[in-house]
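Residues per chain, in single letters:
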Amino acid sequence: MVWVWTFAVVIVLVVGAAVLPRRASEPSQGFPWFWVAFPLCVLLATGSLTMWLPLIAATGGVPMYMPLADSHDGVQVLENDQFWQLHALSPGRWVLPVTALVLGGLSAWAWRRGRV
């Protein structure tokens, strides 16, 4: 998964190398919100990709097999720390992509307004 994070950082650096020399010749029009929103958008999109890839690539796909005969309400197989780590990933699978889309819209807005 390191290659995905490396690719995200390279994307941000390439956009920076392409945009920053052009921006130096233009007058500044306020705070450069694009450079706050765009890197966060790319990193959050990468984070959501790394959270979804293990599910998609898992043996058996998303609906993993769990025998119904072994599911009891009172039995907890994992320790408390492992149980909460497992459940902490679930909201991240939905929060990260939505946040990345919002930041993508914010970076597009900043780009169109010239706040680069």
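K.L.:
Can you walk me through the overall build of the protein in this structure?
P.N.:
The helix and strand tally for the protein stands at 3 helices and 0 strands. Reading the secondary structure of the protein in the N-to-C direction produces α-α-α. For the protein, the residues scored as buried account for 21% of the 116 residues in total. Put simply, 80% of the contacts in the protein that link residues at least 6 apart link residues at least 24 apart. Accessible area for the protein stands at about 8700 Å²; split by element, carbon and sulfur atoms hold 70% of it.

K.L.:
What exactly am I supposed to notice about a nonpolar patch on the surface here?
P.N.:
Together, Phe31, Trp33, Val36, Leu40, Leu106 and Trp109 give the surface a local cluster of nonpolar side chains, amounting to about 530 Å² of exposed area. Among the secondary structure elements, those contributing two or more residues to the nonpolar patch are α2 (34–57) and α3 (80–113). Considering the arrangement of structural elements, one finds Phe31 in the loop between α1 (2–24) and α2. Residue Phe31 is classed as partly exposed on the basis of its relative accessible area of 44%.

K.L.:
Got a minute to help me understand the side chain of Thr50 in this structure?
P.N.:
Within the fold, Thr50 resides in helix α2. On the basis of relative accessibility, which here comes to 15%, the residue Thr50 falls in the buried class. Separated by 2.8 Å, the side chain of Thr50 and the backbone oxygen of Gly47 make a polar contact.

K.L.:
Looking at this structure, I do not really get the packing of aromatic side chains. What am I missing?
P.N.:
The tally for this structure, following the rule as stated, stands at 4 aromatic pairs. Between Phe34 and Trp35 the ring centres are 5.0 Å apart and the planes differ by 85°, which places this aromatic pair in the edge-to-face class. On the accessibility criterion, Phe34 (5% relative accessible area) is buried. Given the relative accessible area of 21%, Trp35 is considered partly exposed. Seen in terms of ring centroids, Phe34 and Phe38 are 5.1 Å apart; in terms of plane orientation they differ by 10°. Their pairing is stacked. With Phe34 and Phe38 both in helix α2, this residue pair falls 4 residues apart, about one helical turn. A single burial state applies to Phe34 and to Phe38, both of which are buried.

K.L.:
I tried to follow the nonpolar core on my own but got confused; where do I start?
P.N.:
Nonpolar side chains tend to gather and get buried jointly when the protein is soluble and globular. One finds Ala8, Val12, Val19, Phe34, Phe38, Val42, Ala110 and Val116 forming the largest nonpolar core, which totals 8 residues. Those elements that provide at least two residues to this core are α1 and α2. Sequence-distant contacts of Ala110, that is, excluding residues within four places in its chain, are made with Trp33, Phe34, Arg115 and Val116.

Rules used throughout
Counting starts from 1 at the beginning of each chain's written sequence and moves along it residue by residue. Under the rules for a predicted model, residues below a pLDDT of 70 receive no local features and side-chain atom pairs below 80 are neither given nor counted, while totals for whole chains, interfaces and linings still include all residues. Here the side-chain values reflect all heavy atoms present in the structure, with hydrogen atoms and water set aside. The secondary structure listing takes helices from DSSP runs of H or I that are at least 4 residues long and strands from runs of E that are at least 2 residues long, numbered from the N terminus. Between buried and exposed lies partly exposed: a residue is buried under 20% and exposed over 50% of the maximum accessible area for its type, with that area taken using a 1.4 Å probe on protein chains only. Residues count as neighbours in contact if any of their non-hydrogen atoms are within 4.5 Å of one another. Here, Shrake-Rupley sampling with a 1.4 Å probe gives the accessible areas, and only protein chains in the shown set may cover a residue. What makes a patch is a set of residues exposed beyond 30% relative accessible area and free of salt bridges, joined within 9 Å when like-charged and within 5 Å when nonpolar (Val, Leu, Ile, Met, Phe, Trp, Tyr). For this analysis, a salt bridge means a side-chain nitrogen from Lys or Arg found within 4 Å of a carboxyl oxygen belonging to Asp or Glu. Distance and chemistry together define a polar contact, namely a pair of N or O atoms within 3.5 Å, with one atom able to donate a hydrogen and the other to accept it when in protein, and with adjacent residues in sequence counting only for side-chain atoms on both sides. In summary, the pairing rule links any two rings of Phe, Tyr or Trp, Trp by its six-membered ring, whose centres are within 6.5 Å, and it sorts them by plane angle into stacked for under 30 degrees, edge-to-face for over 60 and tilted for everything else. Buried residues of nine kinds, namely Ala, Val, Leu, Ile, Met, Phe, Trp, Tyr and Cys, make up a nonpolar core once their side-chain atoms join them within 4.5 Å.

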